[in-house]
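One letter stands for each residue in the lines below.
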Amino acid sequence: MTVILYLDSLFVEDRDRAVRPLHVIPDTLSQLYQMAMREHRRKAVLLHRVGDRWAPTPDWRFDRQVIRLGLYLREHAGIEPGDRVAIVSEFRPEYPVVDFAAAALGAATLSLPPALGIEPLAEGLRDLAPRALFVSGAVLERAIAARERAATSVLVVAFDGFSSTDDVLSYSSILDLGGTLDTPERAQSFRAGAREIGPDQLAVLQYELTREGTWTCEHLTQGDVIAALRERWRGRPAHEGDVAYVVGPEPSLASRLAVYGFIGEGYTTVALGTPGEERAELAELRPHVIVAPPASLERLVGEAGQDTAAGVSRVLQRWLGPRREERALRRILGGRLRWLAPTGTLDPDAMLRLAAVEIGTTPVSPVR
């Protein structure tokens, strides 16, 4: 599960309920993306870690990647409305590119956990029948073995650590091939097709392991995605320059929806964090929003407690403890968070300590 901490919401609403900067909330995810690419107020849509620095991806570059990938999937892979495109990977810059390219074609993006073994992965390929499978380098060997076991001809695309062969393509080569298709006429055709996708078109599938140990697959249409985002946007305006820090070993339905909303509203930059490096990255970025698994936040709460206890006598600890802990936790979480909205189960003690540094708390049920 995922916990989302909000500074504010995603859209600014004035007295006549008009939404800025996109003016209206569209009916579909593909329309939302198109509007965000036309009108946005941020220096970059994504940040990701490269060595010791944050590398930005501006909206124009992100959009070109979406168009080029979409053109390749449409004209070379034959992806059509109603088809499925699978991703088996951690969150990374390429992930939302695949998501929005598929949505623009009317295809559904299927997210599979990157820790899946060969047999569960083969079962997913057999049952859900994706036309293309995008994988991180760590998953590639399992994906090839699962494809053989499932007896399917699904196209396998490796995000990294691989050079194209006859039966597996590298992500970079697909973008290069898509670049040869990226003429003004084809790009306009791609955008026009995205605007025509209807709200009943299946858009998001999330394959997850339940607490009972069984696999389940959530299905959301393009209209369902907008309805879920609309609830999150209500009453929580975003501001120019907002940064959302997204981290976790694997994407969840809640975190995917959050990223769609951040990219779609046009204000927020999404920083893709590094699991295990949350404290240092939060201190560096000072984000307005955090999207993280409960385990990550509970670990940060524990670190705040260690900071509080260090070098403080028992008498002073008794007197200053809560106030010191609030300052320590706020410093660890970046210092600019004002709203807590949990979408998953968080340890009660950790919840109270996180809530102590917030103006208010708003519980949000997990998206189902």
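The structure presented is a predicted model; accordingly, all values stated were derived computationally and were not measured.

### Observations concerning the overall build of the protein chain
- Looking only at helices and strands, the protein chain features 13 helices and 17 strands.
- Buried residues in the protein chain amount to 55% of all 368 residues.
- Counted over contacts in the protein chain with a minimum sequence separation of 6, partners at least 24 positions apart contribute 72%.
- For the protein chain, the accessible surface area stands at approximately 15900 Å², while carbon and sulfur atoms represent 50% of it.

### A look at the environment of glutamate 90
- In this fold, glutamate 90 is placed in the loop between β6 (84-88) and α3 (94-104).
- Judged by relative accessible area, glutamate 90 falls into the partly exposed class, the value being 28%.
- Apart from the residues within four sequence positions on either side, glutamate 90 is in contact with Tyr95, Pro114, Ser136, Pro249 and Pro251.
- Polar side-chain contacts of glutamate 90 include one of 3.2 Å to the side chain of arginine 92.

### Observations regarding the side chain of serine 30
- By the element assignment, serine 30 lies in helix α1 (residues 29-38).
- Side-chain polar atoms of serine 30 contact the side chain of threonine 28, separated by 3.3 Å.

### Thoughts on the sheet that holds strand β7 (residues 108-112)
- Strands sit in the order β10-β9-β8-β6-β7-β11-β12 across an open sheet of seven strands; the sheet is mixed. A strand with exactly one partner marks an edge of an open sheet, and here the two such strands are β10 (168-170) and β12 (215-221). Within this sheet the neighbouring strands show an average axis-to-axis angle of 20°, counted without direction.
- Inspection of the sheet shows β7 paired to strand β11 (residues 202-209) by three bridges, in the parallel sense. Looking at β11, one finds that leucine 110 is bridged to leucine 205.
- Here helix α6 (residues 171-181) sits on the sheet in contact with β8 (132-135), β9 (155-158) and β10, set at roughly 75° to β10.
- Contacts between helix α8 (residues 222-233) and the sheet are confined to β11 and β12, with β12 contributing the most and set at about 90° to the helix.

### Here we look at the side chain of threonine 57
- Relative to the helices and strands, threonine 57 resides in strand β5 (residues 53-57).
- With a relative accessible area of 9%, threonine 57 lands in the buried category.
- Excluding its chain neighbours within four sequence positions, the residues that come into contact with threonine 57 are Ala44, Val45, Leu46, His48 and Phe62.

### Points about helix α4 (residues 118-128)
- Of the residues making up α4, those classed as buried are Leu121, Ala122, Gly124, Leu125 and Leu128. Seen along its axis, α4 keeps its buried residues to an arc of 155°; they face one direction.
- Looking one or two residues past α4, alanine 129 carries a phi angle of roughly 50°, positive in sign.

### A look at helix α9 (residues 253-265)
- Over its 13 residues, α9 extends 18 Å from the first C-alpha to the last, a length consistent with the 18 Å expected when each residue adds 1.5 Å.
- Extensive coverage of α9 is indicated by the burial of 13 of its 13 residues.
- Note on α9: the residue one or two positions beyond its end, glycine 266, has a positive phi of about 90°.

### Details of the nonpolar core
- Residues Phe62, Leu69, Phe134 and Tyr171 are the most contacted members of the largest nonpolar core, which totals 64 residues.
- The biggest single contributor to this core is α3, with eight residues.
- Listed in part, the 24 residues of the second largest apolar core include Leu112, Leu116, Leu125 and Tyr207.

### Structural notes on the pairing of strand β13 (residues 243-246)
- Residues Val243 and Tyr245 of β13 are buried on one face, and the alternating residues Ala244 and Val246, pointing to the opposite face, are buried as well.
- Pairing between β13 and strand β14 (residues 269-272): four bridges, direction parallel. Across the sheet, residue valine 243 finds its bridge partner in β14, namely threonine 269.
- Bridge count between β13 and strand β15 (residues 289-292): three bridges; the pairing is parallel. The residue bridging tyrosine 245 from the neighbouring strand is isoleucine 290, located in β15.

### Quick look at the confidence of the model for the protein chain
- In this model, the protein chain carries a mean pLDDT of 81, and residues with pLDDT of at least 70 account for 79%.
- Throughout residues 5-21 the model reports pLDDT below 50, and contacts reaching past four residues in sequence, or to other chains, amount to 70 contacts.
- Confidence over residues 308-322 falls short of pLDDT 50; this stretch has 10 contacts with residues more than four positions distant or in other chains.

### Focus: the pattern of salt bridges
- Tallied over the full model, the rule gives 14 salt bridges.
- Two residues, aspartate 182 and arginine 64, come together in a salt bridge whose shortest N-O distance is 2.8 Å. Here aspartate 182 is found in the loop between α6 and α7 (184-196), whereas its partner arginine 64 is found in helix α2 (residues 59-75), with 118 residues between them in sequence.
- Across the pair arginine 126 and glutamate 119 runs a salt bridge whose closest N-O atoms are separated by 3.0 Å.

Parameters and conventions
- Residues numbered from 1 in each chain as written.
- Predicted model: local features only at pLDDT ≥ 70, side-chain atom pairs only at ≥ 80, totals over all residues.
- Heavy atoms only, no water.
- Helix = DSSP H or I, 4+ residues; strand = E, 2+ residues; numbered from the N terminus.
- Buried < 20%, exposed > 50% of the residue type's maximum accessible area, 1.4 Å probe, protein only.
- Contact = heavy atoms within 4.5 Å.
- Areas by Shrake-Rupley, 256 points an atom, 1.4 Å probe, with all protein chains shown as cover.
- Polar contact = N/O pair within 3.5 Å; in protein donor to acceptor, adjacent residues only side chain to side chain.
- Pairing = 2+ DSSP bridges.
- Axes fitted to C-alpha atoms, helices over the stretch in contact; angles between N-to-C directions.
- Arc of directions from axis to C-beta.
- Expected span 1.5 Å × (residues − 1).
- Core = buried A, V, L, I, M, F, W, Y, C linked by side-chain atoms within 4.5 Å.
- pLDDT = per-residue confidence, 0-100.
- Salt bridge = Lys/Arg side-chain N within 4 Å of Asp/Glu carboxyl O.

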